[in-house]
Amino acid sequence: MKRILLLFLMVSGFLTGCGENKVTISEINLENANDNVKSFIENVENDEKGTGTGIYIYNDSKNQRYLYLNQDFLDDGRGFGDIDIKTDENSINIYLNDISISEGEEDTYKLFKINFKGDYEYLKVFKNGEETHFGGIGV
């Protein structure tokens, strides 16, 4: 009887832990994105060059977003740095950094796929620790 009770408690604890909100992010190549994402990025590059923050988000589905960073994100002599995502009870916070680079090392863009479970009311973005805004949002 004790073993059954212990097994029940372990399974309950495991299932409770699986229900938590979870966010994952991975860098992808543009070639691996779906056609809707490619079309969104093409529109951004044609319409917004040099006029925005260089930070764009595409809402692909209820639990999936694509984060696109282009050269407008960077200051002169800077490159794309780390990205980190943190969550609290009602928001996803994306932390972006730029880094100093040597000439010839620069990337032209970064594309990230963000998957999450759960409901979040806010999606916030920070550049080098300062809250900023998205240059454009696509659906």
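Cut-offs and rules
- Residues numbered from 1 in each chain as written.
- Predicted model: local features only at pLDDT ≥ 70, side-chain atom pairs only at ≥ 80, totals over all residues.
- Heavy atoms only, no water.
- Core = buried A, V, L, I, M, F, W, Y, C linked by side-chain atoms within 4.5 Å.
- Buried < 20%, exposed > 50% of the residue type's maximum accessible area, 1.4 Å probe, protein only.
- Helix = DSSP H or I, 4+ residues; strand = E, 2+ residues; numbered from the N terminus.
- Contact = heavy atoms within 4.5 Å.
- Phe/Tyr/Trp six-rings, centres within 6.5 Å; stacked < 30°, edge-to-face > 60°.
- Expected span 1.5 Å × (residues − 1).
- Arc of directions from axis to C-beta.
- Polar contact = N/O pair within 3.5 Å; in protein donor to acceptor, adjacent residues only side chain to side chain.
- Pairing = 2+ DSSP bridges.
- Salt bridge = Lys/Arg side-chain N within 4 Å of Asp/Glu carboxyl O.

(A) Quick look at the nonpolar core. Judged by nonpolar contacts, the single largest core of 17 residues is most densely connected at Ile 55, Leu 67, Leu 69, Phe 73, Ile 94, Leu 96 and Ile 114. Of all the secondary-structure elements, those providing two or more residues to this core are β2 (55–61), β3 (64–70), β4 (78–87), β5 (91–100) and β6 (109–117). Contact partners of Leu 96, with chain neighbours within four places excluded, come to Ile 55, Leu 67, Leu 69, Phe 73, Asp 82, Ile 83, Val 125, Phe 126, Lys 127 and Asn 128. Membership of the second largest hydrophobic core comes to 11 residues, among which are Val 37, Phe 40, Ile 41 and Tyr 66.

(B) Molecular detail of the packing of aromatic side chains. One pass over the full model with this rule turns up six aromatic pairs. Seen in terms of ring centroids, Phe 40 and Tyr 58 are 5.3 Å apart; in terms of plane orientation they differ by 40°. Their pairing is tilted. Linking Phe 40 in helix α2 (residues 35–47) with Tyr 58 in strand β2, this pair joins segments that are 18 residues apart in sequence. Residues Phe 40 and Tyr 58 agree in their burial class; the two are buried.

(C) Structural view of α2. Spanning 13 residues, α2 covers 18 Å between terminal C-alpha atoms, matching the ideal 18 Å at 1.5 Å per step. Turning to α2, its buried residues are Val 37, Phe 40, Ile 41 and Val 44. The buried residues of α2 occupy an angular sector of 95° when the element is viewed end-on, so they sit on one face. Across from the buried face of α2, at angles greater than 90 degrees, the exposed residues are Asp 35, Glu 42, Asn 46 and Asp 47. Of the surrounding secondary structure, the elements contacted by the buried residues of α2 are β2, β3, β6 and β9 (136–138). One side-chain oxygen of the residue at the start of α2 lies 3.0 Å from the amide nitrogen of Asn 36, identifying that residue as Asn 34.

(D) Here's a closer look at the pairing of strand β7 (residues 122–127). As defined by bridge partners, β5 adjoins β7 across six bridges and the pair is classed as parallel. Following the sheet pairing, Leu 96 is matched in β7 by Lys 127. Direction of pairing for β7 relative to strand β8 (residues 130–132): antiparallel, over a ladder of three bridges. Across the sheet, the residue bridging to Val 125 is Thr 132, located in β8. With antiparallel pairing between neighbouring strands as the criterion, β7 and β8 make up a hairpin whose turn holds two residues, including Asn 128 at a positive phi of roughly 50°.

(E) Spotlight on the pattern of salt bridges. Within this structure, the stated rule accounts for three salt bridges. Across the pair Glu 27 and Lys 110 runs a salt bridge, and its minimum N-O distance is 3.2 Å. With Glu 27 in strand β1 (residues 22–27) and Lys 110 in strand β6, this residue pair connects regions lying 83 residues apart in the sequence. Residue class for Glu 27 comes out partly exposed when judged on its relative accessible area of 48%. Residue classification places Lys 110 among the buried residues on the basis of a relative accessible area of 14%. The salt bridge partner of Arg 78 is Asp 98, with a shortest N-O separation of 3.1 Å. Pair noted here: Arg 78 is in strand β4 and Asp 98 is in strand β5, with a separation of 20 residues, a long-range link. Classification of Arg 78 by relative accessible area gives partly exposed; the value is 29%.

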